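Understanding the architecture of this molecule
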Amino acid sequence: MDQEDALFGTPNEPRQPPSTGPTPLPEWQVSLLRKALDARGLTGMAERQALVEEVVGRPVTSLRDLTSREATGALERLGEDRRRADTGSSWDDRVEDTWIDRL
């Protein structure tokens, strides 16, 4: 078998152990996080950092410090909060039932 024909490397090639550290955050996730923060009107770095730390639950010095899993969770949470804020009036967003609901 040619080396070019091998799908997974050559048979005599030593196996590389899998990486144990967190993988760096892809640029597309960083971009999505920035857009989500922009959509909330947060322009100051302190505001942005405080919100990301609140969502992630740990101190973060940069968006690139996040793991891919944390970034995905943050995007979901920011999206949920944004949808909740865009539902309409305070009447639509009420939590408890009114007398009309109980009829």
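Everything below is about the structure printed above this text.
These remarks concern the structure in this document.

Rules used throughout
Residues numbered from 1 in each chain as written. Predicted model: local features only at pLDDT ≥ 70, side-chain atom pairs only at ≥ 80, totals over all residues. Heavy atoms only, no water. Helix = DSSP H or I, 4+ residues; strand = E, 2+ residues; numbered from the N terminus. Contact = heavy atoms within 4.5 Å. Expected span 1.5 Å × (residues − 1). Core = buried A, V, L, I, M, F, W, Y, C linked by side-chain atoms within 4.5 Å. Buried < 20%, exposed > 50% of the residue type's maximum accessible area, 1.4 Å probe, protein only. Salt bridge = Lys/Arg side-chain N within 4 Å of Asp/Glu carboxyl O.

1. A word on the environment of A71
Among the secondary structure elements, A71 is positioned in helix α3 (residues 68-85). Expressed as a C-alpha distance, the spacing of A71 and Q29, which sit 42 residues apart in the sequence, is 6.9 Å. Here A71 is in contact with L25, Q29, L33 and L66, once residues within four sequence places are set aside.

2. Here's the deal with the environment of Q29
Mapped onto the fold, Q29 is located in helix α1 (residues 27-39). Spatially, the C-alpha atom of Q29 lies 7.8 Å from that of S68, the residues being 39 residues apart in sequence. In this structure Q29 touches S68, A71 and T72, once residues within four positions along its chain are discounted.

3. Quick notes on helix α2 (residues 45-56)
Taking 1.5 Å per residue, 12 residues should reach 16 Å; α2 reaches 16 Å between its end C-alpha atoms and fits that length. G57 sits one or two positions beyond α2 and adopts a positive phi of about 90 degrees.

4. Comments concerning the nonpolar core
Among the nonpolar cores identified, the biggest contains 15 residues, and L25, L33, L37, L51, L63, L66 and L78 are the most heavily contacted of them. Elements supplying a minimum of two residues to this core: α1, α2 and α3. It is α1 that contributes the most residues to this core, four residues altogether.

5. Some details on the pattern of salt bridges
Scanning all chains against the criterion turns up three salt bridges. A salt bridge links R64 to E27, with the shortest nitrogen-to-oxygen separation between them at 2.9 Å. Here E27 lies in helix α1 and R64 lies in the loop between α2 and α3, a separation of 37 residues in the sequence. You can call E27 partly exposed: its relative accessible area is 45%. For R48, the salt bridge identified is with D38, shortest N-O distance 2.7 Å. Of this pair, R48 sits in helix α2 while D38 sits in helix α1; the two residues are 10 residues apart in sequence, bridging distant segments of the chain. R48 gets classed as buried once you look at its relative accessible area, which sits at 12%. Exposure remark for D38: the relative accessible area of 47% places this residue in the partly exposed category.

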